[in-house]
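Examination of the molecular architecture
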Amino acid sequence: MKYITYNEKTNVFSLRTNHSMYQMQVREHDTLVHLYYGANVGDTEITHRIISLDRGFSGNPYEAGEDRTFSLDVLPQEYSGYGNGDYRINSMEAQHEDGSDALHLRYECYKMMEGKYSLKGLPAMFGSAEEAETLEIVLYDRISNLKVHLLYGVFPELDVITRAVRIENQGEKTVTIQRAMSMEMDYPNKHMDFIHFYGRHTMERMMERLPLHHGVQSVESKRGTSSHQHNPFVILCDKATTETHGDCYGFALVYSGNYKCEIEVDQMEQTRLTMGIHPYHFSIRLNTGDVFETPEVIMAYSDAGLERLSHIFHDAYRSNLIRSKYVNTPRPILVNNWEATYFNFDEEKLFQIAKAGKDIGLDLFVLDDGWFGKRNSDYTGLGDWVVNEDKIKGGLPKLVERINGIGMKFGLWIEPEMVSEDSDLYREHPDWCLRIPQRHMNRSRHQLNLDITRKEVRDHIMGQIFKVMDSCNVEYIKWDMNRSVDNVYSMALPAERQGEVFHRYMLGVYEMMEQLVQRYPDLLFENCSGGGGRFDAGMLYYSPQIWCSDNTDAVDRLKIQYGTSFGYPISTMGAHVSVCPNHQTGRSTPFETRGVVASAGTFGFELDLEKLTPEEKELARRQIREYKETEHLVQTGDYYRLTSPFKNNDYVVWQFVSKDKKESIVNGVMLRNEANPHIHLIWLRGLEPDQYYKDMASGAVYTGAALMKAGIPLPVGIGDYQPITFRFERQ
Ligand code: GLA
């Protein structure tokens, strides 16, 4: 074991990555205390910051006897329980059969392993013995015989540490887990800012940075999805931290359902962060021998600002979270018919769009919603995954053969977790949806959530979908999810297990997705939940890309894609050129600008290609050609946010640099033109200062230092929303 050590003299555990270090210690009364997370501090054990004083109203455990300075209420801990004198937010809460809920989690033992631990039925980072090491620390509640295994995955090269928790009931009585966070992080007196990503449908992942305040602040979702409203990725950073300087910590939950991230600044100015499944409507009954595993949190630390933090997450996801073969290989560039036709199409219209796509150099035609059952509006048909041959005459195999025949791949939209009341499935199995007895259902988009906790429901739906997929050559799937989970009650579970429904629902979804990717290993799989309602690390374990937002407006997308880039690789963001005036905002932007914005993602088109003018067709051809030439930068390069759309109303600029620093592209949008304009400069990043770079458009050659230190002027154009495009190659 090279990166995880245990000092038997001092009882200190140290986890080390190339640029970070994490320490904890077993102290008095077998208490596992958190010591440090941050920059590498060599072999110093950071025990000197723990100073015990007698604190009023902070009680002392019985074992402490007359020592009134030992209190769990003020000690930094690794994983704290309720009911033992720590009044802050805690990691775990459980109820015992006698109605009591105390947990005294004490250190018992540890184990180290080569390679990364895995979690049953849950997405998580993977790592071979060469890539990762695992530490497992066992905490123990002596009265209930509950064992709590703290799992740590250490990825030295990636600068990432993962955490998860396995809870095992070794007692004779049933224990009900009411709160089981995936991790806890305690910081000493340190004034920090909290960065999070809030939003709404069509405006996801807006960045907000606020100073932490005393008391508890949180972001969460109770919608059964990770949600449009708050993303399960957060950052804590020093007040002075910027894109390029300063300390920051990122926490990403690898889970797509209800979650809560709470941060408390306590009476001693200490900060505690917990992250995991939301305790709302959550209770897991563990009988003797039962085990519960929490989802994983991926943690990273950067001492070089937010940009470096993003690079860590981007690299980690691309190498050890996303499993698809497409993660680092060119993806087929697609045209999706949704904004072109909505529900109103027939097989000929679809073929004509595909043909127009082929003509401009596209690779894949995606048939979106409306191809199945009686799905002619969003009031009907969900649950009936049978091709609607009134619309697609001759059936899907014939259409797919025609499309394949002109050299285009074919992809399909599905929404497996839902049912319409007006569907054969609902008429046959009204009890297959989530529904609270005697209460009216809460509808949303006029659809209901299927009871995905039930195996027969999952099998039925996937059986139907597999039948369609097996009947023709489907090379891409878009899995959608268009409402929050509600009416949370499963007819198949007893009253005392209803608190498990939300989590069992997620396990069911993950099982269905696993079946899909195992059965079709070459499939290009895109996730979606009304755009970015389930844009999380959990989903990326199954699909290399997620439809970033239902908002395709190039200007709004600047904020959405900027916010998303903090925690997620650019190559995971589905981004399409759509028609103007834009369907969501009514705004008109130049075709070129729409191309530039969509190229900062997984590029595609979503409009009626038959209606493009000859000039637009030519522009589209160029965009596709150029994207293919530079896609490797988006997929494997480093991304730099040169300006923030939340601070700069005049222009937004970003940059990609290849890992070998030989190529770079700089793209963006001039938002507002002014008369008698200023000359705006931007300063590039990530280049080799001593090397020469050629501006491929003008032929001018600069040193990397010149581009980074002196900057380059942005184009002076006419009109608003003009595109910015530079391409540099090292000489
Ligand atoms: C969701 C998706 C869209 C589209 C529609 C179809 O809103 O995000 O891209 O697929 O559903 O109903």
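Starting afresh in each chain, residues are numbered from 1 along the sequence in its written order. With the structure being a predicted model, the display of local features is reserved for residues of pLDDT at least 70 and the display and counting of side-chain atom pairs for 80 or more, all residues being used for whole-chain, interface and lining totals. The side-chain figures draw on all heavy atoms in the structure; neither hydrogens nor water molecules are used.

1. Re the overall build of the chain
Quick note on the threshold: Helix and strand definitions here come from DSSP, where helices need a minimum of 4 consecutive H or I residues and strands a minimum of 2 consecutive E residues; each element is numbered from the N-terminal end. Just to be clear, the radius of gyration here is over C-alpha atoms, and the globule rule we use is 2.2 Å times residues to the power 0.38. Three labels apply to residues, based on accessible area from a 1.4 Å probe with only protein chains included: buried if under 20% of the type maximum, exposed if over 50%, partly exposed otherwise in between. Contact definition: two residues touch when any of their heavy atoms are within 4.5 Å. Here the Shrake-Rupley method, with its probe set to 1.4 Å, supplies the accessible areas, and only the displayed protein chains count as covering residues. Only four residue types enter the tally: Lys and Arg on the positive side, Asp and Glu on the negative side, with His and both chain ends excluded. By convention, the point assigned to a charge is CZ for Arg, NZ for Lys, CD for Glu and CG for Asp.
When you go through the chain residue by residue, the secondary structure sums to 12 helices and 38 strands. Taking 731 residues into account, the globule formula puts the C-alpha radius of gyration at 27 Å, and the chain, at 27 Å, falls close to it. Along the three orthogonal principal directions, the C-alpha set of the chain runs to about 85 × 70 × 45 Å. A buried classification covers 61% of the 731 residues belonging to the chain. Across the chain, contacts joining residues at least 24 apart in sequence account for 69% of those joining residues at least 6 apart. Within the structure as shown, the chain displays about 26900 Å² of accessible surface, and the carbon and sulfur contribution to it stands at 49%. Measuring between centres, the 79 positive side-chain charges of the chain sit 3 Å from its 103 negative side-chain charges.

2. Topic: the pattern of salt bridges
Stated precisely, the cut-off is as follows: One side-chain nitrogen of Lys or Arg within 4 Å of one carboxyl oxygen of Asp or Glu is enough to make a salt bridge.
The final tally for this structure, using the stated rule, is 59 salt bridges. Here Asp470 makes a salt bridge to Arg519, at a shortest N to O gap of 2.4 Å. In this pair, Asp470 is assigned in helix α6 (residues 455–471) and Arg519 in helix α7 (residues 501–519), connecting sequence segments 49 residues apart. For Asp470, a relative accessible area of 45% translates into the label partly exposed. Under the relative-accessibility criterion, Arg519 is labelled partly exposed at 41%. When salt bridges with common partners are traced through the structure, they connect Asp86, Arg88, Glu184, Asp186, Asp266 and Arg272 into a single cluster.

3. Let's talk about the sheet that holds strand β36 (residues 701–703)
To be explicit about the condition: By this definition, two strands are paired if DSSP reports at least two bridges between them. Axis lines are fitted to C-alpha atoms, over the contacting stretch for helices. Their N-to-C directions set the angle, which ranges from 0 to 180 degrees.
A sheet is described by the order of its strands in space; here 6 strands give the open sequence β31-β32-β33-β38-β35-β36, paired in antiparallel fashion. With one partner strand each, in any of the chains shown, β31 (638–641) and β36 form the two edges of the open sheet. Taken over all neighbouring pairs, the strand axes of this sheet differ in orientation by 25° on average, direction set aside. Relative to strand β38 (residues 722–730), strand β33 (residues 663–670) runs antiparallel, the two sharing 8 bridges. Bridge pairing links Ile665 to Arg727 in β38.

4. A short note on α7
Quick note on the threshold: Multiplying 1.5 Å by the residue count of a helix minus one yields the expected span of that helix.
Between its first and last C-alpha, α7 extends 27 Å over 19 residues, near the 27 Å set by a 1.5 Å rise per residue. Looking only at α7, the buried set comprises Val501, Phe502, His503, Tyr505, Met506, Gly508, Val509, Tyr510, Met512, Met513, Leu516 and Val517.

5. Here we look at the domain arrangement of the chain
Many authors give the size of an interface as the accessible area that is lost as the parts come together. Test applied: Residue ranges assigned to each domain were obtained from an automatic or database domain assignment. Buried area is understood as the total, over both parts, of accessible area removed when two parts are fitted together, assessed with a 1.4 Å probe. Counting of polar contacts relies on pairs of N or O atoms within 3.5 Å, with two restrictions inside protein: one atom must be capable of donating a hydrogen and the other of accepting it, and residues adjacent in sequence are counted only when both atoms are side-chain atoms.
Under the domain assignment used here, the chain contains domain 1 (4–320), domain 2 (332–417 + 456–484 + 526–635) and domain 3 (651–730). Its C-alpha centre places domain 1 at a distance of 38 Å from the equivalent point of domain 2. Across the boundary between the two partners, domain 1 contributes 33 residues, which contact 35 residues of domain 2. Both faces combined, the contact of domain 1 with domain 2 buries some 2600 Å², and carbon together with sulfur accounts for 58% of it. At the boundary of domain 1 and domain 2, one finds 0 salt bridges. At the boundary of domain 1 with domain 2, the tally comes to 21 residue pairs in polar contact (both at pLDDT 80 or more). When contributions to the side of domain 1 that touches domain 2 are tallied by element, the ones reaching two or more residues are β12 (203–211), β14 (233–238), β15 (248–254) and α1 (305–320).

6. What to know about the sheet that holds strand β22 (residues 364–367)
Reading around the barrel, the 8 strands line up as β21-β22-β23-β26-β27-β28-β29-β30 and close back on themselves, with parallel pairing between neighbours. Recorded for the sheet is a direction-independent mean angle of 30° between the axes of neighbouring strands. Bridging between strand β29 (residues 573–578) and strand β30 (residues 602–606) involves 5 bridges; their strand directions are parallel. Counted as the bridge partner of His576 is Gly604 from β30.

7. Here's the deal with the nonpolar core
Our working definition: As used in this record, nonpolar core signifies buried Ala, Val, Leu, Ile, Met, Phe, Trp, Tyr and Cys residues forming a set joined through side-chain atoms within 4.5 Å.
Of all hydrophobic cores here, the largest spans 197 residues; its most connected members are Ile177, Phe251, Tyr317, Trp371, Leu396 and Phe605. Per-element accounting of this core gives the leading share, 10 residues, to α7. Excluding anything up to four places from it in sequence, Phe605 contacts Leu334, Val335, Asn336, Leu362, His576, Val577, Phe591, Ala620, Gln623 and Ile624. Counting 18 residues, the second largest nonpolar core, distinct from the first, contains Tyr651, Val657, Ile712 and Ile724.

8. Overview of the environment of Thr202
For Thr202, the position within the fold is in the loop between β11 (192–200) and β12. Counting along the chain gives 229 residues from Thr202 to Asp431, while the straight-line C-alpha distance between them is 32 Å. Apart from residues lying up to four places away in sequence, Thr202 is in contact with Ser549, Asp550, Asn551 and Ile560.

9. As for the site of the ligand
Heads up, the condition is: When at least one non-hydrogen atom of a residue lies within 4 Å of a molecule or strand, that residue is treated as near it. Throughout, the ten residues Ala, Val, Leu, Ile, Met, Phe, Trp, Tyr, Cys and Pro are labelled nonpolar, Asp, Glu, Lys and Arg are labelled charged, and all others, Gly among them, are labelled polar.
Close contacts around the ligand come from 13 residues, with Asp368, Asp369, Lys478, Asp480 and Asp550 the closest. Here an oxygen atom of the ligand sits 2.7 Å away from a polar atom, N or O, in the side chain of Lys478. Between the ligand and the protein, one listed contact pairs an oxygen atom with a backbone N or O atom of Gly531 at 3.0 Å. Protein chains bury 96% of the 310 Å² of accessible surface belonging to the ligand in isolation. Across the shell around the ligand, the residue classes break down as 4 nonpolar, 3 polar and 6 charged.

10. Topic: the packing of helix α3 (residues 347–360) against helix α4 (residues 396–405)
To keep things clear, this is the line we draw: Should an angle fall under 35 degrees it is taken as roughly parallel, and over 145 as roughly antiparallel, whereas 65 to 115 is taken as roughly perpendicular and any remaining angle as oblique. Crossing handedness follows the turn of the near helix against the far one: under a right angle anticlockwise gives a left-handed crossing, and clockwise gives a right-handed one.
Two numbers describe how α3 lies on α4: the axes approach to 10 Å, and their chain directions differ by 20°. Taken together, the axes of α3 and α4 lie roughly parallel to each other. In this structure, α3 meets α4 at a crossing whose hand is right-handed. The residues of α4 that touch α3, namely those facing Glu347, Glu348, Leu350, Phe351 and Ala354, are Leu399, Arg402 and Ile403. Residue composition of the contact of α3 with α4, by class: 5 nonpolar, no polar and 3 charged.

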